[in-house]
Amino acid sequence: MSAAPARSRRALRAAAALTAAALSATLLAACGGGGDDGPSAGAGKPVDITFWGWAKGTKQVVDAFNASHKDVHVSYEEIPSGSAGGYAKLSNAVKAGNAPDVFNVEYPQLPDFVSQGAVQDISQYVDSGLKNKYLPQAVQLTTLGGATYALPLDAAPQAFYYRKDLFAKAGVKAPTTWDEFRSAAEKLKKAEPGSRIATFFPDDPTTFEAMAWQAGAPWFGTAGDTWQVSLEGAGTQKVAAYWQKMIDDDLVRVEPSFSQQWTASLQKGQTAGYLGASWGGGVLKATLPKDQAGKWAVAPLPSWNGTPASGMLGGSTFAVSKDSKKAKAAVEFATWATTTAQGIQARISSGDSSAYPADPELVPVAAKAFSTEFYGGQDIYAVYRSGARSIGQKWTWGPAMGVTNNSLKDSFGKLASGSGSIAQALATAQKDTVGEMKTRGLKVSAR
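Just so you know, these numbers come straight off a predicted model, no measurement behind them. Numbering of residues begins from 1 in every chain and follows the order in which that chain's sequence is written. For a predicted model such as this one, the threshold for reporting local features is a pLDDT of at least 70, and the threshold for listing and counting side-chain atom pairs is 80 or more; totals across whole chains, interfaces and linings nevertheless cover every residue. Side-chain measures were taken over the full set of non-hydrogen atoms in the model, leaving aside hydrogen atoms and water.

Participant: Explanation requested: the packing of aromatic side chains in the structure shown.
Facilitator: We describe a pair of aromatic rings using the distance from one ring centre to the other and the angle between the two ring planes. Between 30 and 60 degrees the pair is tilted, below 30 it is stacked and above 60 it is edge-to-face, where a pair is any two Phe, Tyr or Trp rings, Trp via its six-membered ring, whose centres lie within 6.5 Å. What the rule picks out here adds up to 41 aromatic pairs. For the ring pair Trp213 and Trp395, a centre distance of 5.1 Å and an interplane angle of 5 degrees mean the geometry is stacked. Residue Trp213 is found in helix α10 (residues 205–214), and its partner Trp395 is found in the loop between α17 (380–389) and α18 (401–412); the two are separated by 182 residues along the sequence. Trp395 matches Trp213 in its accessibility class, with the two residues each being buried. Both rings, one in Tyr242 and one in Trp304, keep their centres 5.5 Å apart while their planes meet at 85 degrees; by these two values the pair is edge-to-face. Residue Tyr242 is found in helix α11 (residues 234–248), and its partner Trp304 is found in the loop between β14 (296–300) and β15 (316–320); the two are separated by 62 residues along the sequence. Using a 1.4 Å probe on the protein chains alone, a residue whose accessible area is under 20% of its type maximum counts as buried, one over 50% counts as exposed, and one in between counts as partly exposed. Exposure remark for Trp304: the relative accessible area of 27% places this residue in the partly exposed category. Each member of the aromatic cluster is reached from another via a ring pair, and the members are Phe160, Tyr162, Phe167, Trp178, Phe181, Tyr242, Trp243 and Trp304. The cationic tip of Lys89 hangs over the ring face of Trp52; the distance from NZ or CZ to the ring centre is 5.0 Å. A helix here means a DSSP run of H or I that spans at least four residues, while a strand means a run of E at least two residues long, and both kinds are numbered starting from the N terminus. In our convention, an over-ring charge means Lys NZ or Arg CZ found within 6 Å of a ring centre and within 35 degrees of that ring's normal.

Participant: Looking at this structure, how should I read empty space enclosed by the protein?
Facilitator: Over the atoms, a rolling probe the size of a water molecule traces out where space has been left empty. Method remark: on a 1 Å grid restricted to protein atoms, a set of points is classed as a cavity if a 1.4 Å probe fits but cannot get out and as a pocket if it is open with protein on both sides within 12 Å along at least five of seven lines; lining residues have an atom within 4 Å of a point. Grid points are joined across faces, edges and corners, and a volume is the space filled by probe spheres set on the points. Inspection of every chain in the model, using the stated rule, returns four cavities of 30 Å³ or more. Around the largest cavity, the lining residues are Thr199, Phe200, Phe201, Asp204, Thr207, Phe208, Met211, Trp243, Leu275 and Phe412. No other element matches α10, which puts three residues into the lining of the largest cavity. Taken together, Val126, Lys131, Tyr134, Val139, Thr142, Thr143, Thr148, Ala150, Leu151 and Pro152 form the lining of the second largest cavity. Elements represented by at least two residues in the lining of the second largest cavity include exactly α7 (136–142) and β6 (151–152). By residue class, the composition of the lining of the second largest cavity is six nonpolar, three polar and one charged. Three classes are used, and their members are as follows: Ala, Val, Leu, Ile, Met, Phe, Trp, Tyr, Cys and Pro are nonpolar, Asp, Glu, Lys and Arg are charged, and the others, Gly among them, are polar.

Participant: Is there a simple way to think about helix α3 (residues 58–68) in this case?
Facilitator: Helical geometry: 3.6 residues make up each α-helical turn, so side chains three or four residues apart lie on a common side. Along α3, the positions that sit buried rather than exposed are Thr58, Val61, Val62, Phe65 and Asn66. All buried residues of α3 fall inside an arc of 125 degrees around its axis, so they share one side. Throughout, a residue-residue contact means that at least one pair of heavy atoms, one from each residue, lies within 4.5 Å. Elements that come into contact with the buried residues of α3 comprise β1 (47–53), β2 (72–78), β3 (102–106), α14 (327–339) and α15 (341–348). To be clear, the arc concerns the directions from the helix axis to the C-beta atoms.

Participant: What should I look at first to understand the layout of surface pockets in this one?
Facilitator: One number sums up the size of the largest pocket: a volume of about 1400 Å³. Contributing elements (two or more residues each) for the lining of the largest pocket: α4 (86–96), α5 (110–115), α10, α13 (280–287) and α18. Across the lining of the largest pocket, the residue classes break down as 15 nonpolar, 19 polar and 12 charged.

Participant: Looking at this structure, I do not really get the pairing of β15. What am I missing?
Facilitator: The two faces of the sheet receive side chains in turn, since in a regular strand these alternate between them. Extensive coverage of β15 is indicated by the burial of five of its five residues. Side chains of β15 alternate between two faces, with Ser316, Phe318 and Val320 and Thr317 and Ala319 buried alike. The pairing of β3 with β15 spans five bridges and is classified as antiparallel. Note that in β15 the partner of Glu106 across the bridge is Ser316. Following DSSP output, two strands are said to pair if at least two bridges run between them.

Participant: What is the right way to read the sheet that holds strand β8 (residues 158–163) from this model?
Facilitator: Consider a sheet: its strands pair through backbone hydrogen bonds, and that pairing is either parallel or antiparallel. Pairing is antiparallel in the open sheet, where three strands are placed in the order β13-β8-β14. Because the sheet does not close on itself, it has two edges, and the strands there are β13 (273–277) and β14. Strand after strand, the sheet turns through a mean of 30 degrees between neighbouring axes, direction not considered. Relative to β14, β8 runs antiparallel, the two being bridged by five bridges. In the sheet register, Tyr162 faces β14, and the bridge partner there is Ala297. α17 rests against β8 and β14 of the sheet, and its axis sits at about 20 degrees to β14. Orientation is described by lines fitted to C-alpha atoms, with helices fitted over the stretch in contact, and by angles between N-to-C directions that extend from 0 to 180 degrees.

Right, dumping it as structure tokens:
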């Protein structure tokens, strides 16, 4: 442990990313990880690394990497998405000492994995040239305490997907402000009483979090070695009040995300829009019947004043587990997957992925690889590009987002029955989050 540099300790404290207990775990992980990639190398054999992930197109990426590399071989296992059990599987594997060398983790969950010492500091393998390839917002989210803990795969700017025919029938255009969005919702409901403009997902608080991000209302910050938590700030309350009234006035549906119920409402034209992210283009294309091809379009997310603004809804990274002895090889694979045309081509050409690369230079590659026939040939990546440029840079994810999100899900689940409110859900989540952070020994200041 004495070999751990003092600079790293100061940087971690300055970011308030880790307290003494969590810092110790992280430094232990750093001491235990890394290595010379030697265990499976030698005698002309490649270094074999294990990789767990779930994003669409991942298998194709692994296959393309293995076909083009002789020094490193990737053994891939597909696991459930993080919220569907993937993170629990990863956490259990880390505790049992049999975690994969590298795995996908979404931006919101990365600080949690770092604070619990589950991933390695890979700074020694990530120079400034590599960092400069990525969007600064993505680099910010993968850098904690001045150290790099993951490589960004995609950015996830928000976007609004809508049925052109249903909007035309109601005499409305794609809204550019949230006031226009409400007006459009009212007109759509009047034109077709059984239809609604969009859905509030009670099981997916990340959508609401992205709305707060877009509004410039950060939930977490740091001051010295103290975390600042503010889930009930004025900006967030503004967003909460807006969506509460949309729910109360029956202008949006309240249904679980990607459920049969939600999918059926889209197929039947009962839901005319989807507030999603760049990856949503592939989701809709894969979910809806072919006879809806050409009926859908993509627009920038409405903003409060009409000026382009976006949060980030999801987005994934590549992180190296704490006990891996093959960090160098793992980073080699992650770098190839996120910064080469071949890596992005393999992912997008799978057909169902519309991921927006965290490396902006690869956006044209993704745009060319993704068929936009479903969207009538629209250049949907132009919309994503505008959204990516407008992603707010003053956002930090907290170190206990699992607790934060579970608390919000529990409370949001009551909204469909008319009990509880978004404001009450935020108050409960603030209390639960602060309590969990204090339990972990973190210094916390609630605002």
